[in-house]
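Examination of the molecular architecture
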Amino acid sequence: MPELYEKGSLLAVTPRGRILRGVVLEGSAADSDGVYLWKFVQPLYVPSTVIAFILGDRLGGGCKTWRVNEAEAAAAIVLKEGVPFFGPIDSPEKLADWGYLDGERNAHMREAKAYSLIAAGRLIEGIRALRELAESLEGKDTPWVVEMKERAEQLAALAESNPPAAHELLAHWEAETVSALRLQAVP
């Protein structure tokens, strides 16, 4: 099992690098004595103010809650289902090539792949993915859609005209996300 750093309800794989991955314990409204376990991967260079489960799933199935007396079973499922899911995804290159994202229509998943292509230095593929993402977004009055589209267009334009500036922008977004998630202490 990879080294996991505990930070509240987060168990993050260390060293963290540019990709946050691991397990989060989430309280259950339906079972006050239980928690849900989420396996997840989150590229930190995609701006976010929360740990997002978009690239992840609940361990043990959608409704399964885990109690204190099931700690060994929970650890076993993290090893069986969690580590194989998030363990290999330790770089933008690996995230860009991750089969979990292939053919995905979810805008957030497509965004993660497109940004990862740029971060991995695969500019032609990344620019194409960013432009396709921007063109596919609908909901001009929806703030998150407008923001995602503007970021995709900005990153595509920079990657095309000034690749070092595109990488600097990703690094800036990564620093903002690390700060917003209070991950500075996670090694």
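About the criteria used
Residues numbered from 1 in each chain as written. Predicted model: local features only at pLDDT ≥ 70, side-chain atom pairs only at ≥ 80, totals over all residues. Heavy atoms only, no water. Pairing = 2+ DSSP bridges. Helix = DSSP H or I, 4+ residues; strand = E, 2+ residues; numbered from the N terminus. Axes fitted to C-alpha atoms, helices over the stretch in contact; angles between N-to-C directions. Contact = heavy atoms within 4.5 Å. Phe/Tyr/Trp six-rings, centres within 6.5 Å; stacked < 30°, edge-to-face > 60°. Buried < 20%, exposed > 50% of the residue type's maximum accessible area, 1.4 Å probe, protein only. Lys NZ or Arg CZ within 6 Å of the ring centre and 35° of its normal.

**Remarks on the sheet that holds strand β3 (residues 19-27)**
Spatially, five strands are ordered β1-β2-β3-β4-β5 in an open sheet, and the strand pairing comes out antiparallel. The open sheet has two free edges, formed respectively by β1 (4-7) and β5 (56-58), since each of these has just one partner strand. Here the average twist between neighbouring strands, direction ignored, is 20°. Here strand β2 (residues 10-13) runs beside β3; their pairing, made up of three bridges, is antiparallel. Bridge assignment links A12 to a residue of β3, and that residue is G22. In this fold helix α1 (residues 71-86) packs onto β2, β3, β4 (35-43) and β5, with an angle of close to 20° to the strand it touches most, β4.

**Remarks on unusual backbone geometry**
A cis geometry characterises the amide bond from T14 onward to P15, with omega recorded as -5°. Mapping P15 onto the fold places it in the loop between β2 and β3. One non-glycine residue with positive phi stands out, namely R182, at about 55°. Within the secondary structure, R182 is located in the segment after α6 (163-180).

**Notes on the packing of aromatic side chains**
Applying the stated criterion across every chain, the model contains six aromatic pairs. For the pair W38 and F53, a centre-to-centre distance of 4.3 Å together with 10° between the ring planes defines the contact as stacked. With a gap of 15 residues between them, W38 in strand β4 and F53 in the loop between β4 and β5 connect regions that are remote in the sequence. Owing to a relative accessible area of 23%, F53 belongs among the partly exposed residues under this scheme. Taking 5.1 Å as the distance between ring centres and 65° as the angle between the ring planes, the aromatic pair formed by F85 and W98 counts as edge-to-face. In this pair, F85 sits in helix α1 while W98 sits in the loop between α2 (92-96) and α3 (107-119), placing the two residues 13 residues apart along the sequence. For the pair F85 and W98, a shared accessibility class is recorded, and that class is buried. Every member of this aromatic cluster is reached through a ring pair, and the members are W38, F40 and F53. Over the aromatic face of F85 sits the side chain of K39, whose NZ or CZ is 4.7 Å from the ring centroid. Seen from the ring of W66, K64 lies directly overhead, with NZ or CZ sitting 4.5 Å from the centre.

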